[in-house]
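The lines below spell out each chain.
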Amino acid sequence: MGQGHHHVDPEAGDRRVFAAIAVNLGLTVAQIVGGIISGSLALIADALHNFSDAISLIIAFGARKIARRPRDAEMTFGYGRVEVVAALINYTTLIMIGLYLLYEAAMRVIDPQPVEGWLIVIIAGVALIVDAVTAALTYAMSKSSVNIRAAFLHNVADALGSIAVIFAGTLILLYDWRLVDPIVTVMIAGYILWQSFREIGPVIRILMLGSPPDIETRSVLSAVREIEGVTGVHHAHFWQIDEHRAALDAHVVIDKGRWSEADAIKERIKTALSDRFDIAHTTLELECARHACDAPSEFGGRGDDKALGG
């Protein structure tokens, strides 16, 4: 965790995101006009998704700016998690759009509409170019940010949607097969929903204070117990501060007769956790074996359930 990320200069990254917003807003207007004139639901579906691209990029842009604010008395962990919130908003929006498109496609199957093939192919071709440019602008940043990755996936889905719309327009031109328009719309919606449900899980996990999915919690506690001078660890809380930073909060029991070494033992624990698991933020409450908590729970602490409404 936290390894091998590709970092883009923040200001250069902002310029890339801003450029991507501009081209997507311009394309959305062109697609909606084209979809209305041509009568293509698939093209309007692509336009709605493109508009969501622009909105997702605007949210991502704002989140990037906020995330760089220094920590203060109001936000002692800093503002980094705002990017996770932005990702949740973007994926939720995508799911709503996907469900709406499925509904509209069903209506088109019941009542097919005339569709103008040439206009669809031309506008979808332009859309594909814009989607490719936007994806290129955000690709490098998507590797290190769940926020930008959400926006990037909007664009990847949109590029595939544009290819599908071109295919539909071509079939309409060649065979006047109007049913292909809602079929392609269902394909676009299905891909949007599949990607969104797959990606929203890890985002919710962070916001629910779940442990990092790539680190086994019991392995972390075992590593603490292996430190010389430690006889037990309990009341552990293990969570992600944001996408790249994990934190551990726990009570550690120091062996009898070794309380004078407590500070050195704590330092060994922190070093081991940092080196083995890349856990940089640890809060350890030390207890002497003679006066340790009575019947402690391995995870959480007394009063946690009550504090959380349990």
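Look a little higher up for the structure.
This write-up is about the structure you can find in this document. (Residues numbered from 1 in each chain as written. Predicted model: local features only at pLDDT ≥ 70, side-chain atom pairs only at ≥ 80, totals over all residues. Heavy atoms only, no water.)

As a further point, take the overall build of the chain. Each helix and strand counted, the chain has nine helices and three strands in total. Going residue by residue from the N terminus, the α and β elements of the chain occur as α-α-α-α-α-α-α-β-β-α-β-α. Each of the 310 residues in the chain was classed as buried or not, and the buried ones make up 45%. Contacts in the chain between residues at least 24 apart in sequence constitute 76% of all its contacts with a sequence separation of at least 6. Looking at the chain as shown, the accessible area adds up to about 15400 Å², and 63% of this sits on carbon and sulfur atoms. (Helix = DSSP H or I, 4+ residues; strand = E, 2+ residues; numbered from the N terminus. Buried < 20%, exposed > 50% of the residue type's maximum accessible area, 1.4 Å probe, protein only. Contact = heavy atoms within 4.5 Å. Areas by Shrake-Rupley, 256 points an atom, 1.4 Å probe, with all protein chains shown as cover.)

We now examine helix H7 (residues 217-225). Among the residues of H7, those classed as buried are Thr217, Val220, Leu221, Ala223 and Val224. The arc enclosing the buried residues of H7, seen along the axis, measures out at 155°, which places them on a common side. Packed against the buried residues of H7 are strand S1 (230-240), strand S2 (246-254) and helix H8 (262-277). Between the side-chain oxygen at the start of H7 and the backbone nitrogen of arginine 218 there is a gap of 3.0 Å, and the oxygen is on glutamate 216. (Arc of directions from axis to C-beta. Polar contact = N/O pair within 3.5 Å; in protein donor to acceptor, adjacent residues only side chain to side chain.)

A few words on helix H6 (residues 180-207). Look at H6: 40 Å from first C-alpha to last across 28 residues, which is about the 40 Å you get at 1.5 Å a residue. Two residues or fewer past H6, leucine 209 is found with a positive phi of approximately 60°. (Expected span 1.5 Å × (residues − 1).)

There is a patch of nonpolar side chains on the surface, built from Val109, Trp118, Ile122, Val126, Leu173, Leu174, Tyr175, Trp177, Leu179, Ile183 and Met187 and spanning about 1100 Å² of accessible area. Where the nonpolar patch is concerned, the elements lending two or more residues are helix H4 (117-142), helix H5 (146-175) and H6. Following the sequence through the fold, valine 126 ends up in helix H4. (Patch = residues over 30% accessible without salt bridge, like charges linked within 9 Å, V, L, I, M, F, W, Y side chains within 5 Å. Salt bridge = Lys/Arg side-chain N within 4 Å of Asp/Glu carboxyl O.)

Scanning the entire structure with this criterion turns up one aromatic pair. Here the aromatic rings of tyrosine 191 and tryptophan 194 are separated by 6.0 Å at their centres, their planes lie at 50°, and the arrangement is tilted. Of this pair, tyrosine 191 and tryptophan 194 are both found in helix H6, three residues apart, which corresponds to roughly one turn of the helix. By relative accessible area, which is 21% here, tyrosine 191 ends up partly exposed. For arginine 69, the ring lying beneath its charged end belongs to tyrosine 79, and the centroid distance is 4.4 Å. (Phe/Tyr/Trp six-rings, centres within 6.5 Å; stacked < 30°, edge-to-face > 60°. Lys NZ or Arg CZ within 6 Å of the ring centre and 35° of its normal.)

Before going further, it helps to examine the packing of helix H3 (residues 82-110) against H6. A pair of packed helices is captured by two measures, namely the crossing angle of their axes and the spacing between those axes. Where H3 meets H6, the closest approach of the two axes is 8 Å, and the angle between their N-to-C directions is 155°. Relative to H6, H3 is oriented roughly antiparallel. Crossing hand, H3 versus H6: left-handed. (Axes fitted to C-alpha atoms, helices over the stretch in contact; angles between N-to-C directions. Parallel < 35°, antiparallel > 145°, perpendicular 65-115°, else oblique. Left-handed = near helix turned anticlockwise from the far one by under 90°.)

This brings us to the pairing of S1. Most of S1 is tucked away: nine of the eleven residues are buried. Pairing of S1 with S2 involves eight bridges; the strand directions are antiparallel. Bridging across to S2, histidine 237 finds its partner in aspartate 249. Hairpin connection from S1 to S2: five residues lie between these consecutive antiparallel strands. (Pairing = 2+ DSSP bridges.)

With that settled, consider the nonpolar core. Core analysis: the biggest nonpolar cluster contains 30 residues, and Tyr91, Val165 and Val184 have the highest contact counts within it. Put simply, the parts of the chain that give this core at least two residues each are helix H2 (41-67), H3, H4, H5 and H6. One finds Ile227, Leu248, Ile254 and Ile265 within the second-largest nonpolar core, a separate group that totals 22 residues. (Core = buried A, V, L, I, M, F, W, Y, C linked by side-chain atoms within 4.5 Å.)

Further remarks concern the sheet that holds strand S3 (residues 281-288). The strand order across the open sheet built from three strands is S1-S2-S3, with neighbouring strands paired in mixed fashion. The open sheet is flanked by S1 and S3, the only strands paired with a single partner. Going across the sheet, the axis of each strand differs from the next one's by a mean of 15°, ignoring polarity. The strands that H7 touches are S1 and S2; relative to S1, the one it contacts most, it runs at about 145°.

This part takes up the packing of H7 against H8. Between H7 and H8, whose axes approach to 10 Å, the crossing angle comes to 140°. Of the possible angle classes, the one that applies to H7 and H8 is oblique. Considering only the axes of H7 and H8, their crossing is right-handed. Together, Ser219, Val220, Ala223 and Val224 of H7 and Ile269, Leu273, Arg276 and Phe277 of H8 make up the contact between the two elements. The class makeup of the residues in the contact of H7 with H8 is six nonpolar, one polar and one charged. (Nonpolar A, V, L, I, M, F, W, Y, C, P; charged D, E, K, R; others polar.)

Within the structure shown, the criterion is met by six salt bridges. A salt bridge links glutamate 226 to arginine 276, with the shortest nitrogen-to-oxygen separation between them at 3.4 Å. Of this pair, glutamate 226 sits in the loop between H7 and S1 while arginine 276 sits in helix H8; the two residues are 50 residues apart in sequence, bridging distant segments of the chain. A single network of salt bridges, built from pairs that share partners, joins Arg218, Arg225 and Glu298.

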